[in-house]
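Observations on chain architecture
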Amino acid sequence: MSLQCGIVGLPNVGKSTLFNCLSNAKAQSANFPFCTIEPNVGVITVPDERLNRLAELCKPERIVPTTVEIVDIAGLVKGASKGEGLGNKFLANIRETDAIIHVLRCFDDENVVHVDGSVNPVRDKEIIDTELQLRDLETIESRIAKVQKQAQTGGDKQAKLIYEVLAKYKTALEQGKSARTVSFDTKDEQAAAHDLFLLTNKPVMYVCNVDEKSAVAGNSYVEQVKNAVKDEDAEVLVLAAQTESEIAEFDDFQERQMFLQEIGLEESGVARLIKSAYSLLKLKTFLTAGADEVRAWTFRNGYKAPQCAGVIHTDFERGFIRAEVIKYEDFITLKSESACKEAGKLSVEGKEYIVQDGDIMHFRFNV
């Protein structure tokens, strides 16, 4: 399941530094705008302590974590919706992603220039919001021109439905609101809205890039951001990208943990970001555990057992018979599959079973 989060922001806010921390791919990081011309894609391992605990019990030959793709996209400037800077390339790249990680500069450093001359994360956020909203408004107005007459004069119910969805979005965008703030009551409206693939309808997480001393408690810039997005139903994550790059240099796990403790963090900002990105994409994990491998598999929230079987192989879904399920907590407590069976903690589920995060699955199929 290949799903992408796009890292966006104004030039020189720390996007590429953050990307370098996330990925082994080294995006060029320099103190000038547009050093990232083509989007850099990194396949990022999702931290999951459950895999290590299962491996201690199963002694597998290999451990296979799940992953998520992170894309570092060129910095955007005011006027991007009209093609300014690298606007057209930026907008095309962000359209291809499934969610947005919006990096905001929340630190002072006279040695790092700001494209607008001063540090103001709320202003920076609004610049990008406005450019994305303007492009979405262009999309909406173009679609309205195609369906308005058909919706108002003909008997086409679908055209009328689409027109009403477009009209709601147009009103919001003209008020300077993003498409994600608009809600729809019926499944038909929700489906029509989804099919528009609007930029400002993508889920978003704001990452406040701070200095090291603010990595734990944040600072006044972070508070400004939190206040500005309080009505957006968006997550705000605080990290120090430059400090994270230092953490990434530690090859030894114990040394890394000692460094984290010294600066007052229980977990690196990168680990928190990856987990949050995974959640932002509405993804969950089911597990398989045995002597060959302990493995995490990605699935969308709400998937039923046959769909999750198909994540492993399409034949598993096509010939699905049943799923044998052990809850992770039961496996850890009882320490083996056989013990779980004896204790009645292995359930047999059919096609309507909705898989839960952390379920340990074994699929029976016949093709």
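Please refer to the structure placed before this passage.
These remarks concern the structure in this document. Position numbers for residues count from 1 along each chain, tracking the sequence in the order it is written. It should be noted that, the model being predicted, local features are given only for residues of pLDDT at least 70 and side-chain atom pairs only at 80 or more, the latter also being counted only at that level, while totals for whole chains, interfaces and linings use all residues. The side-chain quantities take in all heavy atoms of the structure and omit both hydrogens and water.

Only Phe, Tyr and Trp rings take part, Trp by its six-membered ring, and two of them pair if their centres are within 6.5 Å. Stacked means planes under 30 degrees apart, edge-to-face means over 60, and tilted covers everything else. The final tally for this structure, using the stated rule, is seven aromatic pairs. For the pair Phe286 and Phe363, a centre-to-centre distance of 5.9 Å together with 90° between the ring planes defines the contact as edge-to-face. Of this pair, Phe286 sits in strand E8 (residues 283–289) while Phe363 is found in strand E12 (residues 360–365), placing the two residues 77 residues apart along the sequence. Residue classification places Phe363 among the buried positions, given a relative accessible area of 7%. Distance and angle both matter: a charge sits over a ring if NZ of Lys or CZ of Arg is within 6 Å of the ring centre and within 35 degrees of the ring normal. Over the face of the ring belonging to Trp297 we find Arg295, whose NZ or CZ atom lies 4.1 Å from the ring centre. Put simply, DSSP H or I for four residues or longer makes a helix, DSSP E for two residues or longer makes a strand, and each gets a number counted from the N terminus. Exposure is judged per residue with a 1.4 Å probe applied to protein chains only, and the accessible area is read against the type maximum: over 50% gives exposed, under 20% gives buried, and values in between give partly exposed.

Right, let's talk about the pattern of salt bridges for a bit. A carboxyl oxygen of Asp or Glu within 4 Å of a side-chain nitrogen of Lys or Arg is what we treat as a salt bridge. Per the stated rule, a full pass over the model turns up 17 salt bridges. When the shortest N-O distance is used, the salt bridge between Lys125 and Glu232 registers 2.9 Å. Residue Lys125 is located in helix H4 (residues 121–153), and its partner Glu232 is located in the loop between helix H7 (220–228) and strand E7 (235–239); the two are separated by 107 residues in the primary sequence. For Lys125, a relative accessible area of 6% gives the class buried. Taking the shortest distance from any N to any O, the salt bridge between Arg180 and Glu232 comes out at 3.9 Å. On the criterion of sequence distance, the pair formed by Arg180 in the loop between helix H5 (157–174) and helix H6 (187–194) and Glu232 in the loop between H7 and E7 is long-range, its members being 52 residues apart. Via salt bridges that share partners, Lys125, Asp129, Arg180 and Glu232 belong to a single interconnected network.

Our next topic: the nonpolar core. Here, nonpolar core means buried Ala, Val, Leu, Ile, Met, Phe, Trp, Tyr and Cys residues that are tied together by side-chain atoms lying within 4.5 Å of each other. Counting residues in hydrophobic clusters, the biggest one holds 54 residues, and the most contacted among them are Leu18, Leu22, Ile70, Ile101, Cys106, Val207 and Leu273. A total of six residues in this core trace back to one element, the largest contributor, which is helix H10 (residues 269–280). Residues Ile144, Val165, Leu173 and Ala192 belong to the second largest nonpolar core, which totals 17 residues.

Bringing empty space enclosed by the protein into the picture now. Think of a 1 Å grid over just the protein atoms. A cavity is a set of points where a 1.4 Å probe fits yet cannot get out, a pocket is an open set with protein on both sides within 12 Å along at least five of seven lines, and lining residues have an atom within 4 Å of a point. Grid points are joined across faces, edges and corners, and a volume is the space filled by probe spheres set on the points. This model, assessed by the stated rule, comprises one cavity of 30 Å³ or more. Its boundaries defined by the atoms lining it, the largest cavity holds a volume of some 60 Å³. Of all the secondary structure elements, the ones that give two or more residues to the lining of the largest cavity are strand E5 (99–105), H4 and strand E6 (204–209). When residues of the lining of the largest cavity are assigned to their parent elements, the largest contribution, three residues, is made by H4. Charged means Asp, Glu, Lys or Arg here, nonpolar means Ala, Val, Leu, Ile, Met, Phe, Trp, Tyr, Cys or Pro, and polar covers whatever is left, Gly included. Along the lines of polarity and charge, the residues of the lining of the largest cavity split into six nonpolar, three polar and two charged.

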